[in-house]
Amino acid sequence: VGKKLFAADPGVGIAVPVRINVYKNADGKTVVSYVPPSALLGGFHNQQVDQVAQMLDGKLHDMLGMLGGK
């Protein structure tokens, strides 16, 4: 995925790889948070980048679903 993004616009290195924050809150529950790739990469105004970012949004959403989140 990274290769596709960098081929479309090398500037994406500022936002990729996507950072995911995992921590325990005060109640002892695990929290997973991230900024959706489409939000991070939308400013590049590049259709190829947008398509890959949307795909990554879906993959992260699915991953959280498998973990019992979102």
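Throughout this document, residue positions are counted from 1 along each chain, in the order its sequence is written. Thresholds applied to this predicted model are a pLDDT of at least 70 for local features of residues and 80 or more for the giving and counting of side-chain atom pairs; totals over whole chains, interfaces and linings are not thresholded and use all residues. The side-chain values count all of the structure's non-hydrogen atoms but skip hydrogen atoms and water molecules.

A. The environment of Val 49, seen in detail. Helix and strand definitions follow DSSP, with helices as H or I runs of at least four residues and strands as E runs of at least two, each counted in order from the N terminus. Counting through the fold element by element, Val 49 comes out in helix α3 (residues 47–66). With a 1.4 Å probe rolled over the protein chains alone, any residue whose accessible area is under 20% of its type maximum counts as buried; one over 50% counts as exposed, and the rest are partly exposed. Take Val 49: its relative accessible area is 0%, and that puts it in the buried class. Each C-alpha atom, one on Val 49 and one on Leu 5, is 5.7 Å from the other, the two residues being 44 residues apart in sequence. Apart from residues no more than four positions distant in its own chain, Val 49 is found in contact with Leu 5, Ala 8, Asp 9, Val 12 and Leu 41. Throughout, a residue-residue contact means that at least one pair of heavy atoms, one from each residue, lies within 4.5 Å.

B. Summary view of the pairing of strand β1 (residues 21–24). Note: two strands are recorded as paired if DSSP finds a minimum of 2 bridges between them. For β1 and strand β2 (residues 30–33), the ladder comprises four bridges, and the chain directions are antiparallel. Considered in β2, the bridge of Tyr 23 is made with Val 31. Counted between consecutive antiparallel strands, the loop separating β1 from β2 contains five residues, among which Gly 28 sits at a positive phi close to 85°.

C. Inspection of the environment of Leu 5 at higher detail. Within the element layout of this structure, Leu 5 appears in helix α1 (residues 2–8). When the C-alpha positions of Leu 5 and Val 18 are compared, they lie 12 Å apart, and in sequence the two are 13 residues distant. With residues near it in sequence (within four places) discarded, Leu 5 still touches Val 12, Val 16, Leu 41, Val 49, Val 52 and Leu 56.

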